[in-house]
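Spelled out, the chains give:
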Amino acid sequence: MKNESEVKELGFSEYGDSDGKTVIYFHGAPGSPAESSLFEAYAKQHDLRLVCYDRFAIDPALQGQAYYQYLADVILSDSQGKPVDFIGFSIGCQAAIQTCVYMGNKVRGVHLISAAAPLDTTDCLNEMAGKMVFSIAMKYPVIFSLLSYWQALLAKFVPSVLGKMLFASATGKDQVLSEEAEFKQYITPILIHCFGTNLKGYIREIRQYVTPWSQVVINCTSSTYVWHGSSDNWSPLGMAYYLKETLPAAQSLEQMDGLSHYSCLYAAAPKICAQLGQG
């Protein structure tokens, strides 16, 4: 089942069982609510209602902690104050962690997949395939905006070229995955959506990611589970170990051998849904 609706004027996609236990999915950057569609069958199987908000559509003037407070307010309103679970992917893990801080005791658990950890306390930037982009976003925000608008033109007119550029640095199982027709059909609309009308929201997300936020990690006290591919060069494995060691209530780190960024997402989805279905 899939529904498109609005909560407080914020669009979202819903997958799985509409009457099931609510799970909030935080998509990556680039990303869109459609990213969570791969959870559909697993969410339905385990009686989960998986909701993904269109974060990049939020007014770009809403910045910093006010942005995460807004997300928390939307989630609390939608869930009517009942406890929820979080799943974050890639840079979406930052949004999940930051929003969790404003949720009080309403988050049962947080699952972080291919997590992009803070850049201010790890030495992983030099290992990241996106080092140049993140460095530009940190030091030259205007140039980063121009780069993003150029990517938007590619997404509009030649999305396949943009896709090839983004996955040119893919390692591990992502190399094979990125060449599969089914994956291209999955990722292309996501890129078009992200770099279309939501471009300013994407730019905000990247700028907030490269801004120091390590202090927030220690304030996220919900039970946390980390899922990471051993060959991930978009979010190097060291980031997963940092989060496992730093998050106050970290429960486990499952290292998936040979997997990288999206291949880890594909592999973790059924496992996480099975775990949430048992709770």
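A brief structural summary. Given the structure is predicted, the values throughout are model-derived calculations rather than measurements.

**Examining the environment of Arg 207**
For step 1, the next point in the chain: Assignment of secondary structure puts Arg 207 in helix α9 (residues 199-210).
For step 2, the next point in the chain: Counting along the chain gives 62 residues from Arg 207 to Ser 145, while the straight-line C-alpha distance between them is 9.7 Å.
For step 3, the next point in the chain: The residues contacting Arg 207, other than those within four sequence positions of it, are Pro 141, Val 142, Phe 144 and Ser 145.

**Some remarks on the pattern of salt bridges**
For step 1, the next point in the chain: Taken as a whole and judged by the stated rule, the model has 7 salt bridges.
For step 2, the next point in the chain: Between Arg 55 and Glu 205 there is a salt bridge, with the nearest N and O atoms lying 2.7 Å from each other. A residue pair is termed long-range when its members are at least 10 positions apart, and Arg 55 in the loop between β4 (48-53) and α2 (64-78) and Glu 205 in helix α9 qualify at 150 residues. One exposure class covers both Arg 55 and Glu 205, and it is buried.
For step 3, the next point in the chain: Measuring nitrogen to oxygen at the nearest pair gives 2.8 Å for the salt bridge that ties Asp 85 to Arg 108. Separated by 23 residues along the polypeptide, Asp 85 in strand β5 (residues 84-89) and Arg 108 in strand β6 (residues 107-113) bring together distant segments of the chain.
For step 4, the next point in the chain: The exposure class of Arg 108 is partly exposed, given its relative accessible area of 35%.
For step 5, the next point in the chain: Because the salt bridges share partners, they merge into one network encompassing Glu 14, Arg 49 and Asp 78.

Parameters at a glance
- Residues numbered from 1 in each chain as written.
- Predicted model: local features only at pLDDT ≥ 70, side-chain atom pairs only at ≥ 80, totals over all residues.
- Heavy atoms only, no water.
- Helix = DSSP H or I, 4+ residues; strand = E, 2+ residues; numbered from the N terminus.
- Contact = heavy atoms within 4.5 Å.
- Salt bridge = Lys/Arg side-chain N within 4 Å of Asp/Glu carboxyl O.
- Buried < 20%, exposed > 50% of the residue type's maximum accessible area, 1.4 Å probe, protein only.

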